[in-house]
Amino acid sequence: MLAPLPQTDLRVHLVWVPILDSDTQAAAEEAMAAMPKNDPRIHQYWDTGGQLATALGRVLGIPPRRGDAAASSPSSSGASGLAWDVYLLYPRQARWPAAGAPPAPARWMHQLNQVTSAQAPFLDGSELRRWVGAPLPGH
Amino acid sequence: MSPEDGSALPLERTSPPSRWLRAAGALAVIAALGCAPRPAAVPATAGLAVLDGGYHPLRERFEAERNHPRLLVLASPT
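Calculation criteria
- Residues numbered from 1 in each chain as written.
- Chains lettered and ligands numbered in written order.
- Predicted model: local features only at pLDDT ≥ 70, side-chain atom pairs only at ≥ 80, totals over all residues.
- Helix = DSSP H or I, 4+ residues; strand = E, 2+ residues; numbered from the N terminus.
- Buried ≥ 20, exposed ≤ 12 C-beta atoms within 10 Å, placed from the backbone.
- Contact = placed C-beta atoms within 7 Å.
- Core = buried A, V, L, I, M, F, W, Y, C linked by C-beta atoms within 7 Å.
- Pairing = 2+ DSSP bridges.

Quick word on the overall build of chain B
Per the secondary structure count, chain B includes 2 helices and 2 strands. Start at the N end of chain B and walk to the C end: the helices and strands fall as α-β-α-β. For chain B, the proportion of its 78 residues judged to be buried stands at 32%.

Take a look at the structure:
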């Protein structure tokens, strides 16, 4: 799994999301420090308020878990859970319209018990590497 | 955190092991995909960017890099 794919022109956007009580911006900054440094292909973010996790939970159709903010909020109209521990792969030319919800990925993996295999496979590093090196569906 | 409540992993939420297991997991995935550290000649990546309600600056970078395949990872930092 750890053998790199140096030929890839993949870009990585790593978003730290507030899921657990201990998830703070300071914790995200600490986690960021453990990531590869001096690599311009990687961008890291802190999702204040979990807005992206909520939006992507809807896009991906992630079922709620007990305690998910999106599931328990009185203003929440749907039953979507939060997207975290998810790995979303987008092909070249995938767009994210201004002011719009994040786009659905071509393929994705996860580490969430409430997501079924019919929705997406559980994280498999070798398979994810294969995905990165292969043409994506529809492209 | 326990399997009974639907959590992803049977780990304590606030213990250092769980904290670093999660960070290490994301690191392993990124390293496996070829985004390992590069020599010092490459300029340092900017620090942690805070997303606003319009997902700035993620959305703008996502758009700017549309000639590349992109991996978007969401993970808990602890």
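Side note on the overall build of chain A
A tally of helices and strands in chain A yields 4 helices and 4 strands. Mapped in sequence order, the helices and strands of chain A form the string β-α-β-α-α-β-β-α. Evaluated residue by residue, chain A yields a buried proportion of 41% over its 139 residues. Residue pairs in contact within chain A that sit at least 24 positions apart in sequence constitute 52% of those at least 6 positions apart.

Topic: the environment of A:Thr116
On the secondary structure map, A:Thr116 appears in the loop between strand S4 (107-110) and helix H4 (125-133). Here the alpha-carbon distance between A:Thr116 and A:Asp39, two residues 77 residues apart in the chain, equals 34 Å.

Remarks on the nonpolar core
In this structure, A:Val15, A:Val17, A:Ala83, A:Trp84, A:Tyr87, B:Val73 and B:Leu74 are the most contacted members of the largest nonpolar core, which totals 47 residues. Excluding anything up to four places from it in sequence, A:Trp84 contacts A:Val17, A:Ile19, A:Ala53, B:Leu74, B:Ala75 and B:Ser76.

So, helix H2 (residues 51-60) of chain A
Turning to H2(A), its buried residues number three or more, namely A:Leu52, A:Ala53, A:Thr54, A:Leu56, A:Gly57 and A:Leu60. Phi for A:Gly61, located one or two positions after H2(A), is positive at around 70 degrees.

Structural notes on the environment of A:Pro105
Residues and elements named next belong to chain A. Here Pro 105 lies in the loop between strand S3 (86-90) and S4. In this structure, the C-alpha to C-alpha distance between Pro 105 and Pro 63, residues 42 residues apart in sequence, is 17 Å. Pro 105 has contacts with Leu 88, Leu 89 and Tyr 90, leaving out every residue within four places of it along the chain.

Side note on the pairing of strand S2 (residues 70-75) of chain B
In the case of a regular strand, side chains alternate between the two sheet surfaces. With 6 of its 6 residues buried, S2(B) lies for the most part within the structure. On S2(B), burial covers both faces: B:Arg70, B:Leu72 and B:Leu74 on one face and B:Leu71, B:Val73 and B:Ala75 on the other are all buried. With 6 bridges joining them, strand S1 (residues 11-16) of chain A and S2(B) adopt parallel strand pairing. Along S2(B), the bridge assignment pairs A:Val12 with B:Leu71. The pairing of S3(A) with S2(B) spans 5 bridges and is classified as antiparallel. In the sheet register, A:Leu89 faces S2(B), and the bridge partner there is B:Leu71.

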